[in-house]
Amino acid sequence: MTPAQMLATALLLGAFVTAAGAYGLLYCAAQISDHKMIRTGGHLSYMGLCLIAFALVAFTPLHFGWKVLVAVSCAIYLMIPPVTWRYLARLHREERIR
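So, how was this worked out
- One numbering rule holds for all chains: residues counted from 1, following each sequence as written.
- Owing to the predicted nature of the model, reporting of local features is limited to residues with pLDDT of at least 70; listing and counting of side-chain atom pairs is limited to 80 or more, with chain, interface and lining totals taken over all residues.
- Neither water nor hydrogens contribute to the side-chain values; these are computed over all heavy atoms in the structure.
- What makes a patch is a set of residues exposed beyond 30% relative accessible area and free of salt bridges, joined within 9 Å when like-charged and within 5 Å when nonpolar (Val, Leu, Ile, Met, Phe, Trp, Tyr).
- Using a 1.4 Å probe, accessible areas were evaluated by the Shrake-Rupley method; residue-level cover was limited to the displayed protein chains.
- Just to be clear on terms, a salt bridge is a Lys or Arg side-chain nitrogen sitting within 4 Å of an Asp or Glu carboxyl oxygen.
- The helix and strand labels rest on DSSP assignments: H or I over at least four residues marks a helix, E over at least two residues marks a strand, and numbering proceeds from the N terminus.
- The set of buried Ala, Val, Leu, Ile, Met, Phe, Trp, Tyr and Cys residues whose side-chain atoms join them within 4.5 Å is what this entry labels a nonpolar core.
- Using a 1.4 Å probe on the protein chains alone, a residue whose accessible area is under 20% of its type maximum counts as buried, one over 50% counts as exposed, and one in between counts as partly exposed.
- By definition in these notes, contact holds between two residues if any of their heavy atoms fall within 4.5 Å.
- Polar contact is defined as a pair of N or O atoms within 3.5 Å, subject to the rule that within protein one atom must be able to donate a hydrogen and the other to accept it, and that residues adjacent in sequence are counted only when both atoms are side-chain atoms.
- For a helix, the expected span equals 1.5 Å multiplied by the number of residues minus one.

1. Side note on a nonpolar patch on the surface
Right, so step 1: A surface patch of nonpolar side chains, amounting to about 720 Å² of accessible area, comprises Phe64, Val68, Val72, Ile76, Leu78, Met79, Ile80 and Val83.
Right, so step 2: Position of Phe64 relative to the elements: it lies in helix 3 (residues 64–97).

2. A short note on the nonpolar core
Right, so step 1: Phe16, Leu49, Leu56 and Cys74 are the most contacted members of the largest nonpolar core, which totals 13 residues.
Right, so step 2: Mapped by element, the contributors of at least two residues to this core are helix 1 (3–33), helix 2 (36–59) and helix 3.
Right, so step 3: In contact with Cys74, other than residues within four places in its own chain, are Phe16, Tyr46, Leu49, Cys50 and Ala53.

3. A look at the environment of Thr40
Right, so step 1: Note that Thr40 resides in helix 2.
Right, so step 2: On the accessibility criterion, Thr40 (38% relative accessible area) is partly exposed.
Right, so step 3: In this structure, the C-alpha to C-alpha distance between Thr40 and Ala30, residues 10 residues apart in sequence, is 8.8 Å.
Right, so step 4: In terms of polar contacts, Thr40 uses its side chain to reach the backbone carbonyl oxygen of Lys36, at 2.8 Å.

4. Some thoughts on the pattern of salt bridges
Right, so step 1: Under the defined criterion, the tally for this structure stands at 1 salt bridge.
Right, so step 2: Measuring nitrogen to oxygen at the nearest pair gives 2.9 Å for the salt bridge that ties Arg39 to Asp34.
Right, so step 3: What makes Arg39 partly exposed here is its relative accessible area of 30%.

5. A closer look at helix 1
Right, so step 1: Its 31 residues place the ends of helix 1 44 Å apart at the C-alpha level, agreeing with the 45 Å of an ideal helix rising 1.5 Å per residue.
Right, so step 2: Among all positions in helix 1, only Thr9, Phe16, Ala19, Ala20, Tyr23, Gly24, Tyr27 and Ala30 are buried.
Right, so step 3: Positioned one or two residues after helix 1, Asp34 has a phi angle of 55°, which is positive.

Spatial relationships are all this shows, so hold off on functional conclusions.
Written as structure tokens, this is what we have:
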């Protein structure tokens, strides 16, 4: 891996994590406010995450195992915010009952 490839890969990995965080944040904000612009921002963040994952898999010199990890992570990130939101909603619903 050349220094230029290393820098490009590192920047893409940083963007990948940032897009995942933006998706989670906007998903939760959309659940709270039910605002269409926020919900759209969440969808766009996830689309960006998928595009970045594609770029990492297709155009970087990462080893195969790392590319698989990026692709699987992209799929799993789609499920994390809804699952977490349902868990927190159930947890707080049980607190109100007591």
